[in-house]
Structure formats: structure tokens, C-alpha cells
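Residue strings, one per chain:
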Amino acid sequence: MRVDGEQDTAAAPAPASAPAPPGSGILGWFDALRGLLDRPLASYYLLLSSVGLLVFIGLVMVFSVTGVDNFANTGSPFGSVFKQTVFAVVGLIAFWVCQRLPVRTFRAVAAPLLIAAFVLMSFVDLMGWLASSRTPPGEKVVPIHLGPIWAEDLWLHLGGVQVQPAELAKVALVVWGADLLVRKGRTILSWRELFMPLLPVTVALLLLVGYNDLGSMICLVVLFTGLLWAAGARLPVFAWLGGLVLAGVLALILLPAEKDYRLARIKVFFDPSIDADATAGRYQYLRGLWAIGNGGWFGVGLGESQLKWGRLPNAHNDFIFAIVAEELGVVGCLVVLVLFGMLTYTGLRIARRVEDPFRRLAAAAITIWFVGQAIINIGGVVGLMPITGLPLPFISDGGSALVVALGAAGMLSSAARAEPDCARAMHARPPRKWVRLLWAPLPPLPRARSESDGDVPSTRATGRPLVPHGSSPGRTRGRSS
């Protein structure tokens, strides 16, 4: 019952709680992220942002690591970072050129690039072997000069310019291997067609690179494995490849007497009881762990590292991640790892979505090259792997590595623009002529898909046909623009 003027609230049902608006909470954040990733140019912008941030972090850390020594030696702290900035500009030019080039150009220069890599690596190894044979045991090796040209360890000096041929070998293997696999098409499922001439040429290149640079040889092995995986090679192929690589690595560690530091690094990794002195090869390893432990969660501050004052060998190059950990802490390391993770996701996403078989294989190989080299470098710094001397891509000090990596990223950028959705969106709303002239032309429109495309064996990485149905492997060369 109720009194006049009062409402019978007891009999009224309780109001139901209003449903949560769509897109709120954690699920809303995931929906928003999914919406951003579904945009046509998402791969392209993810690639530009991840590579750009890694290069920026690299320039900052190179200045932080080398500024003290440069000021002590020359009176200016900007010597090394200025040189690295120049190489970054050259690398951006390489990025711009590779982004603009059509597929037929990459396939046309594949064989010349491979020949150039063989010639340069053979010259560096030969000059190094001659210099070592002329030097008495226990003395420092004196390089042999042929006028303004001479070689020392991993470097080829051409007057005032020094280059690292092993970096050229990486991009040469990507382009030549992808071109060869696409031309062979479905015949790669047979052992004979897969190994001739792919395996002998690759093994010869690996041995030439590994004689002086075992770390780069391991990186080439990772790259080559990724290329075969993306092409859909059978599992027994990887077992045979693993056996050959293991035998080759053991031979390169044990045979050359002047390369005894390789065996010392292996002993240090497996035997923690070795004395921590410079001759035992453990000095760099312990100083790197000390730098990582000294950083804590948030680091000691940018530029405040103590180990970079001549106490950590190669702090500007293969051990720059230890300085990142000391100065920026766990947070800084996570930023670097997230950027490499984003680059990995983007590269494999591009390889999955792009239709051209050459772009697909090249994108997968370049991505696995970048992430494999980063894992090997960081694993050596934190003690999970033996030290190899590989630089950290886009971050470590080094001109040849930065220029080649940015050129390879330009190839990835070209593939990202060639994704079907991206190409259609850019043709629907093309940028202005001056943008296309100064940055990149419009990508080719995707070809019309036929129902018979599904009859062709697909690659393991993408699920798409390696060679278009109805086309012989020989006729696919130069089809894409």
C-alpha cells in the first residue's frame, strides 16, 4: 500500500545497470589497435617508425659512448657521432633508392651483387692470409698494402674509405637466393633442383665470410635458413643444413691458428671458472654483465655510464647494448626489444601479405636477418650465447652495417607499399606529384587473382603460391614492376 504523494518503491523493480558502451576497457584498446593495424598503410608506417626510432636511439647511444674518448683525444666529443650521422644520411639515401626500385631491377643485379661479394671477400681473405704468413708467431700482423688498397681483419680499406664486405654478402645472398628460388618455382621440392647451384654457392660464400668473421657467417646461416623456410623447403633440408653448419663452425674454430680467440670465447661461455683477465677472453664478458647489473630498472642516466670510460672493450659496437642497459636500465632495454619485436612483426606481416613471390621471399629473409642478428648480439652481451662480435642492427657504431641495413629496410618498405590493400588505397587517393617524385612512385596494382591459384604449392611463411599458376619458372623473371 502507499500513502498519497508517495511512490511504492518496494514494488518497483530495481533499474538494470546500463550496459558498458562498446569499445570501453581493455577490449576497447584491443579493438582500437586492431582497427589501426587493419588500415591499408599500417605495415608501411610501422616499418618507418620502428626503423627510424632504432636509428635515432643508435645515434644517441653512439654519442653517449664515444663522446668522452673523442673529447680526450681530439678536444671535441662529436667526432664519432658526426661520422655515424653521415653514414645514417648515406643509409637514408640507400633506403630511398631501394624503396623506389622495381622488382625487375633487384633481380637483374642479383648475380652482379653476388659476384662482387665473392671478389671482395676473396681479396680480404687472401690479403689477410698473406699478411699472417709473413708475420712471425707472437707478433702483430702487419697488413700488406697495394697502393691505397689494403685489408685488415674484416675491413677493406680503399684510400680513406673502409668497407666491410661481409655486409654486402648479406644483401647479395638475399637478392640472389630469392631470385633463384622464384625462378626454380615448384621444382625446389626436389633435392637436386634445391641444391644446384644454391647450396654449393652458399657454402662457398659462408666459408669465405667465416674465415675472418665467424659472427657474420652465423648471421648468413640464419638468413639462408629463413629464405629456405619462406620458400617452403622440406624439413630434412634443415637437418642436413644444420649438420653442415655445425661441421663448418667447428672447423673454423679449430683449424686457423691465428684465430685462437674464437676457441677462448667458447671456453669462456662453457667454463665460468676461467680467470677474469683479458687474455682468457672473459674480461669483456664480465664487464658487460657488470654494466647490465649496474643499470637497475631505470639506469644511472644518459651519459653517466662508468664502464664506457675504457673499461668495456668495443662498448660503441658489439657491446653497445650493455651501455644501453647501464644508462637507461631495464626500461631502456625493453624499449629496444619492443622496437625489434615491432620490426619483426611488421616484416613477417609484409611477407605474408605481399603477392609478388620475389618480394615475399626477400621480405622474410631480411626480417629474419635483422631479428637473428639482434638476438645473437644481445644474447652474447647478456651471457646466453658466446660472444660473436656482431653489431646490433641500426644501433651499433659502424658505417657499412648501418648503410646496408637501411638499404635492406628500403627493400622492405618497397614491399610494404606493394601490399594489395596499400597499393589500391594509394591508387585511389594518390599523393601529389612532387611527393611521388621526391619520395616514392605509386606501387604496382595487384594482379587479378584466379581460382586456379590455389592449386600451386604455397610457402610455409605465407600460405601463398611461390610461382603464379600457369607460369613457368623461367617466364616469371621480370614480370613484376
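Naming follows an unreviewed UniProt entry, where the protein chain appears as Probable peptidoglycan glycosyltransferase FtsW of Dactylosporangium aurantiacum. UniProt, in the comment section headed Sequence similarities (unreviewed entry), describes the protein chain in these words: "Belongs to the SEDS family. FtsW subfamily." Per its UniProt entry, the protein chain bears the Subcellular location (unreviewed entry) comment "Membrane".

Student: Honestly, helix 16 (residues 420-428) in this entry has me stumped. Any pointers?
Tutor: Owing to its 3.6 residues per turn, the α-helix brings residues three or four apart onto one side. For helix 16, every residue scored as buried is listed here: Pro420, Cys422, Ala423 and Met426. Taken end-on, helix 16 shows its buried residues confined to a sector of 165°, consistent with a single buried face. Next to the buried residues of helix 16 lie helix 13 (320-353) and helix 15 (399-417).

Student: Sorry, what's going on with helix 5 (residues 110-134) here?
Tutor: Taking 1.5 Å of rise per residue, 25 residues should cover 36 Å, and helix 5 covers 37 Å from first to last C-alpha, within 8% of that figure. All of the buried residues in helix 5 are Ala110, Leu114, Ala117, Phe118, Met121, Val124, Asp125, Met127 and Ala131. Contacts from the buried residues of helix 5 go to helix 4 (103-108), strand 1 (145-146), strand 2 (149-152), strand 3 (155-158), helix 6 (165-184) and helix 8 (198-212).

Student: Can you walk me through the confidence of the model for the protein chain in this structure?
Tutor: Any region with low pLDDT has predicted coordinates that should not be read closely. Considering every residue of the protein chain, the mean pLDDT works out to 81; 83% of them sit at 70 or more. In the predicted structure, residues 450-463 sits below a pLDDT of 50 and forms 34 contacts with residues beyond four places in sequence or in another chain. In the model, residues 465-481 has pLDDT below 50 throughout and makes 52 contacts with residues more than four positions away in sequence or in other chains.

Student: Looking at this structure, I do not really get the environment of Val103. What am I missing?
Tutor: The topology assignment puts Val103 in helix 4. Judged by its relative accessible area of 2%, Val103 is buried. Expressed as a C-alpha distance, the spacing of Val103 and Asp356, which sit 253 residues apart in the sequence, is 8.8 Å.

Reading guide: rules and limits
- Throughout this description, residue numbers start from 1 for each chain and increase along the sequence as written.
- Per-residue local features of the predicted model are confined to residues with pLDDT of at least 70, and side-chain atom pairs are confined, for both listing and counting, to 80 or more; whole-chain, interface and lining totals are unaffected and use all residues.
- Values shown for side chains rest on all heavy atoms present in the structure; no hydrogens or waters enter the calculation.
- UniProt positions are given in the numbering used here, feature names are shortened, and annotations may be inferred rather than shown by experiment.
- The cut-offs for exposure are 20% and 50% of the maximum accessible area for each residue type, with area from a 1.4 Å probe on protein chains only; residues under the lower value are buried, those over the upper are exposed, and the others partly exposed.
- What counts as a helix is a DSSP run of H or I of at least four residues, what counts as a strand is a run of E of at least two, and both are numbered from the N terminus.
- By arc we mean the arc of the directions from the helix axis to the C-beta atoms, nothing more.
- Any two residues whose heavy atoms approach within 4.5 Å are treated as being in contact.
- Expected helix span is computed as 1.5 Å times (number of residues minus one).
- Per-residue confidence from the prediction method is given by pLDDT, with values spanning 0 to 100.

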